[in-house]
Each structure stands twice: as C-alpha cells, then as structure tokens.
Amino acid sequence: MPGAGQGRIDRPPAREDQVRLPGTLGRRFLVFVDTEEEFDWTAPRSRDATATRAVAALPEAHRRLAGFGIRPTYLVDYPVATSHKAVNVLRPLLEAGECAIGSQLHPWVNPPFDEALTTTNSFVGNLPEALERAKLAALTERITEAFGRRPTIYRAGRYGVGANSARLLEEAGYRLDVSVRALFDYSDEGGPDFSHRTAEASWAGPARLLMELPLTTVFTGYARRMGPQLYAAAGRVERMRGVLARTGALERIALTPEGTPLPDALRAIRQLLADDIRLLSISFHSPSVEPGHTPYVRDAEDLRRFYAWWDGVLDLLAREGVRPIGADELIEEAWRARDVGLRLATH
C-alpha cells in the first residue's frame, strides 16, 4: 500500500492510509499521560535526573479522570519502569482494568547510552537505527517485566520520531503510536516537522500495522484555512503570532491543560466538532500533578487551575456527546473496521 509518506510517522500520510472507524463508534476522546521523571525543563538534559516522586500523586489525578469514565494510557519511560515505588502505584490501576500502560522513550535516560548528550540526540528518531532499536527493546522489555504485559502503545519523548521509527515499532509489536504533535514543527532543534499533520488518525509502518493518532491540535480564527503557511510566516516576525491570535485571525490550540487556557481549549473543541473530527487526543505530563516540577504547575493555585481545566473540558465533551474510549478499545475498533473494509474490497 504505497503512500506519500511511505508509512513513515514523521511525514504526512497518504489519503489511502486514513483510519476509517465505524460510524456507530460516535465521537470519542482519549487521554494520554507522559509518565516520566522530574527534571529541570530549562537545563540541559542529564542522565542523572531520574527521580519519579510525582508518580505518587497520580492516583488523585486518576481518581478525578476515572470519575468521568476515562481509562487513561500511562506512557511509562525507563526511569518510571525501573522504580519499584512508581510501578507499585501504577500496577494496581492496570490490574483493575482502569488504565493502559504504554511506552515513552526518553533517549537521554534510556539505555544503552552510546550517544552524546546533544539536543539533536534528544529526538530518538535521529539516532542510528541500531541504537534506536536497542533503546526501544530495553524499554519494552523493562515495562513487560515490571507490569507483566507487553506494551503496544508508544510515544517518542519530545515527539522525536524519525525515518526508521514506524518500521521499528511495527517490528516490535506496537500497534498504536501517539508521537505526532499535529501542526507543530521541531525542525529548528533538529526534530521532526509536523506542521502539515492534521488531527486525523492514519496507518503507518511498512505493512501498515501501526495506527498513528496525533495529539489533537487545531487552528482557529477567520484565517484558519491558511493556517500552516500563515503560522510559519508569522513565526519569522517577532510577536506576530500573538497579534494574529489577539485579532482573531489565527491561533494554534493544542488539547492539553499545559499551556492551553480553558477558554482556548473550549473554543478548539467546538471548532474540531464543527470540522467533524471524531477522535480527540488529550495529553499531559505526569509531573504536572504535583506543584514545582513543570512550568505549567508551579504552585497550589496552578494545580487548582489544572483540575478546573479538566472539569470545564470534560463538561463540554459530555454535553456534546463525545465519550471517552480506552486506547486498547480504539485499537480493536480500528482493526475490526479495517478487516471489514478489506473483506468488502476483495468481493
């Protein structure tokens, strides 16, 4: 099944690779949690920053999300998977069927450590194929040992997929990747350019065995049809993106409580529903559930706003009939629809 992106995650997919879900599924949303170590977001990356204290605060966040019927996916990285305390917090949630456990690869704290600590190498897809494969294998095996189940859901830390990532994930048995951050461009740091990727899910990998679900982002404003081109051009002029947002011309909004004010998130959801986007992906970092670890939650008041964001977003989704779905259930539904489509195409 050839396509414009050759099944690669870091390139826009071909039209024929679009995931087609059954209409009976309705409109759904998923929640992904980058479950990771605490580190200084303003400092160079270090192999020594591996503390996972904030994981102990996750049950409170989980309780709040579960109250809305949400079954989140915790994307666990190597420091979390090797912390007995962190695993003991998450494993009961998995065993109770209240969550899924996936993988998140931070190459700077994920063995083997055969690369230099550079910004470019913080995007695992930039590493030599053999090293990316070895890091993925080490993480997958460690999570399997810690939780008793092999993960099938993956996110590259810093959204850092590359030319080999889809093939390596497909070979390792992964079936859902959530590494794409739609409409974002990390190429100025040596990372991937997703500025022309939309929120729609697609099939990736050489055999198209890997479903790609981007973190949902949308352009709002009266100039949104020119979004990718205008937003890129505005980025070359100091403060122009802010001017476009304030005048109602163009604003890029990601579905995350981190850096996206509640009114903006509500506006984005209304636009997405008007565009008939039927699958929404919401994400945040686990250290944000305890003040002092991320730029988004520095104190108790920020944490209050963090939970208020969820109350507002989940209330709107409920009123609009957008229901939660677990990642495992989504994979099953996507494959079921794909199998039906293939059978119909051969008759």
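Up top is the structure.
Caption draft 1: Fine view of the pairing of strand β4 (residues 153–156). Here β4 shows no split at all, with Ile153 and Arg155 on one side and Tyr154 and Ala156 on the other all buried. The pairing of strand β3 (residues 100–105) with β4 spans 3 bridges and is parallel. The residue bridging Ser103 from the neighbouring strand is Tyr154, located in β4. Regarding topology, helix α4 (residues 129–147) serves as the crossover connection from β3 to the parallel β4, and that connection is right-handed. In this structure, β4 lies alongside strand β5 (residues 176–177), joined through 2 bridges in parallel fashion.

Caption draft 2: Up close: the pairing of strand β2 (residues 73–76). Residues Thr73 and Leu75 line one face of β2 and the alternating positions Tyr74 and Val76 line the opposite face, and both faces are buried. In the sheet, strand β1 (residues 28–35) pairs with β2 via 4 bridges, with the strands oriented parallel. Bridge pairing links Asp34 to Leu75 in β2. Viewed along the sheet, the connection from β1 through helix α1 (residues 58–66) into β2 turns out right-handed. Across 4 bridges, the pairing between β2 and β3 is parallel. Looking across to β3, one finds that Leu75 is bridged to Gly102.

Caption draft 3: Local environment of the environment of Pro291. Position of Pro291 among the secondary structure elements: in the loop between β10 (279–285) and α9 (300–319). Looking at Pro291, the relative accessible area reads 32%, which means it is partly exposed. Along the primary structure Pro291 and Glu301 are separated by 10 residues, whereas in three dimensions their C-alpha atoms are 9.0 Å apart.

Caption draft 4: Seen up close, the pattern of salt bridges. Enumeration over the complete set of coordinates arrives at 25 salt bridges. As a salt-bridge pair, Arg63 and Glu60 come within 2.7 Å of each other at their nearest N and O atoms. Pair noted here: Arg63 and Glu60 are both in helix α1, with a separation of 3 residues, about one helical turn. Residue classification places Arg63 among the exposed residues on the basis of a relative accessible area of 51%. According to the relative accessible area criterion, Glu60 is partly exposed, its value standing at 32%. Through salt bridges with shared partners, one network takes in Arg298, Glu301, Asp302, Arg304 and Arg305.

Caption draft 5: Just α9, in detail. Here α9 is 20 residues long and its end C-alpha atoms lie 29 Å apart, about the 28 Å a rise of 1.5 Å per residue gives. What α9 keeps buried is the set Asp302, Leu303, Phe306, Tyr307, Trp309, Trp310, Gly312, Val313, Leu314, Leu316 and Leu317. Those residues of α9 that are buried are in contact with β1, α1, α8 (262–274) and β10. Looking one or two places after α9, you find Gly321, whose phi comes out positive at around 75°.

Caption draft 6: Representation of the environment of Gln18 in the model. Positionally, Gln18 belongs in the segment before β1. Judged by its relative accessible area of 37%, Gln18 falls in the partly exposed class. The spacing of Gln18 and Met211 is 193 residues in sequence and 9.4 Å in space, taken between C-alpha atoms. The contact partners of Gln18, leaving out residues within four places of it in the chain, are Ala201, Ser202 and Trp203.

Procedures and definitions
Residues numbered from 1 in each chain as written. Predicted model: local features only at pLDDT ≥ 70, side-chain atom pairs only at ≥ 80, totals over all residues. Heavy atoms only, no water. Buried < 20%, exposed > 50% of the residue type's maximum accessible area, 1.4 Å probe, protein only. Helix = DSSP H or I, 4+ residues; strand = E, 2+ residues; numbered from the N terminus. Pairing = 2+ DSSP bridges. Right-handed = clockwise from strand over helix to strand, strands pointing away. Salt bridge = Lys/Arg side-chain N within 4 Å of Asp/Glu carboxyl O. Expected span 1.5 Å × (residues − 1). Contact = heavy atoms within 4.5 Å.

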